[in-house]
Amino acid sequence: MHSNEFRNVSIRGRMAFGIICFENALKHFDYDVEDWQMILRELWSFTEIEYIDEWLYSFAEYKASSILEDLSFSEKGFEKLTRSEYGILKKLYFNSDNLIQELTDLLFWLGTVEMYGQIVDNSPKTLEELQKIMNVMATNGIQLPQGSLFLKFSFTEDGWGKGFTREEVFE
């Protein structure tokens, strides 16, 4: 599978594909998906949120590189994460495979690379970020989601597409 197959899929749809890749990676490493619900809820909020830029600031606190950065909680200046949530995430990431950590950063870039620019030509930037996720999955022998599930999320004039839930992916 190649990211060009997603040329007519909205950025939200591309993100949903990436999130399900993340879920598949969690299962691949036999992690309890329930332990990761805090991150998954935040990731899935991208596909529903009205103002995407709100997600940028929120998920920036959840991604592995932010959590594992060698600073104390108070030095990080988190606005959303509580000290307790930070402790849970730090433990999860610290005990996870580097691939899981890498995927959170790749998902962040996929969701934000077009945030403040003009989207042209069906967003080749997000297709590049999506391809990076696909490559990581393939390199590690992790199954990709069925691409046809995402074709219903059309690339609209603004590129982002209409909001939807995780459940709608599988309908």
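The numbers attached to residues start from 1 for each chain and follow its sequence in the written order. Local features in this predicted model are restricted to residues whose pLDDT is 70 or higher, and side-chain atom pairs enter the listing and the counts only when it is 80 or higher, whereas totals over whole chains, interfaces and linings include all residues. The side-chain figures draw on all heavy atoms in the structure; neither hydrogens nor water molecules are used.

J.: Break down the overall build of the chain for me, with residues and values.
T.: Secondary structure elements are defined from DSSP: runs of H or I of at least 4 residues count as helices, runs of E of at least 2 residues count as strands, and each element is numbered from the N terminus. Within the chain one finds nine helices and zero strands. Helices (α) and strands (β) of the chain occur, in sequence order from the N terminus, as α-α-α-α-α-α-α-α-α. Every radius of gyration here is taken over C-alpha atoms, with the globule rule written as 2.2 Å times N^0.38, N being the number of residues. At 15 Å, the chain has a C-alpha radius of gyration in line with the 16 Å of a compact globule built from 171 residues. In terms of its C-alpha atoms, the chain occupies a principal-axis envelope of roughly 40 × 35 × 25 Å. Here the term buried applies to any residue with accessible area under 20% of the maximum for its type, exposed to any over 50%, and partly exposed to those in between, with areas from a 1.4 Å probe on protein chains only. Taken over 171 residues, the chain has a buried fraction of 51%. Should any heavy atoms of two residues lie within 4.5 Å, those residues are counted as being in contact. In the chain, the share of contacts with a sequence separation of at least 24, taken over all contacts with a separation of at least 6, comes to 70%. Surface exposure of the chain reaches about 8,800 Å², of which carbon and sulfur atoms provide 48%. For the area figures, the Shrake-Rupley method with a 1.4 Å probe applies, and any residue is considered shielded solely by the protein chains shown.

J.: Before we move on, can you summarise the packing of aromatic side chains with the specific residues and values?
T.: Only Phe, Tyr and Trp rings take part, Trp by its six-membered ring, and two of them pair if their centres are within 6.5 Å. Stacked means planes under 30 degrees apart, edge-to-face means over 60, and tilted covers everything else. Taken as a whole and judged by the stated rule, the model has 17 aromatic pairs. Here the aromatic rings of Phe-108 and Trp-109 are separated by 5.4 Å at their centres, their planes lie at 75°, and the arrangement is edge-to-face. The class of Trp-109 is partly exposed, set by a relative accessible area of 47%. One aromatic cluster is present, formed by Phe-46, Trp-55, Phe-59, Tyr-62, Phe-108, Trp-109 and Trp-160 through successive ring pairs.

J.: Describe the nonpolar core, with residues and values.
T.: Buried together is how nonpolar side chains tend to be arranged in soluble globular proteins. The biggest cluster of nonpolar side chains holds 56 residues, and the ones touching the most others in it are Phe-22, Trp-36, Ile-39, Leu-43, Leu-89, Leu-103 and Phe-150. Elements represented by at least two residues in this core include exactly helix 1 (11-28), helix 2 (37-44), helix 3 (52-59), helix 4 (64-68), helix 6 (83-94), helix 7 (98-112) and helix 8 (124-139). Beyond its immediate stretch of four places on either side in the chain, Leu-43 contacts Met-15, Ile-19, Phe-22, Trp-55, Phe-59 and Leu-107. Among buried residues, those of type Ala, Val, Leu, Ile, Met, Phe, Trp, Tyr and Cys that are joined through side-chain atoms within 4.5 Å constitute a nonpolar core.

J.: Can you break down the packing of helix 3 against helix 7 residue by residue, with the values?
T.: Helix-helix packing: each pair is described by the crossing angle between the helix axes and the interaxial distance. With axes taken as lines fitted to C-alpha atoms, and helix axes fitted only over the stretch in contact, angles between N-to-C directions fall between 0 and 180 degrees. Interaxial distance between helix 3 and helix 7 falls to 10 Å at its minimum, and their mutual angle equals 155°. One finds that helix 3 runs roughly antiparallel with respect to helix 7. With respect to the hand of their crossing, helix 3 and helix 7 are arranged in left-handed fashion. Mapping the contact onto sequence places Ile-52, Trp-55, Leu-56 and Phe-59 in helix 3 and Thr-104, Leu-107, Phe-108, Gly-111 and Thr-112 in helix 7. A class-by-class count of the residues in the contact of helix 3 with helix 7 yields six nonpolar, three polar and no charged. For classification, angles of less than 35 degrees are called roughly parallel, those exceeding 145 degrees roughly antiparallel, those between 65 and 115 degrees roughly perpendicular, and all remaining angles oblique. Whether a crossing is left-handed or right-handed is set by the direction in which the near helix is turned from the far one by less than a right angle, anticlockwise for left-handed and clockwise for right-handed. Under the scheme applied here, ten amino acids are nonpolar (Ala, Val, Leu, Ile, Met, Phe, Trp, Tyr, Cys and Pro), four are charged (Asp, Glu, Lys and Arg), and all others, including Gly, are polar.

J.: Any chance you could break down the packing of helix 1 against helix 8 for me, citing the residues and the numbers?
T.: The contact between helix 1 and helix 8 brings their axes to 10 Å, and the two run at 15°. Here helix 1 is positioned roughly parallel relative to helix 8, judged by the angle of their axes. The crossing of helix 1 and helix 8 is left-handed. Here helix 1 contributes Ile-11, Arg-14, Phe-17, Gly-18, Cys-21, Asn-24 and Ala-25 to the contact with helix 8, which in turn contributes Thr-126, Leu-127, Leu-130, Ile-133, Met-134 and Met-137.

J.: So what's going on with unusual backbone geometry? Residues and values would help.
T.: Phi is positive for Asp-30, close to 60°, though the residue is something other than glycine. Using a relative accessible area of 70% as the deciding quantity, one classes Asp-30 as exposed. Despite not being glycine, Ser-123 has its phi angle at roughly 55°, a positive value. On the accessibility criterion, Ser-123 (0% relative accessible area) is buried.

These figures come from the coordinates and say nothing about function on their own.
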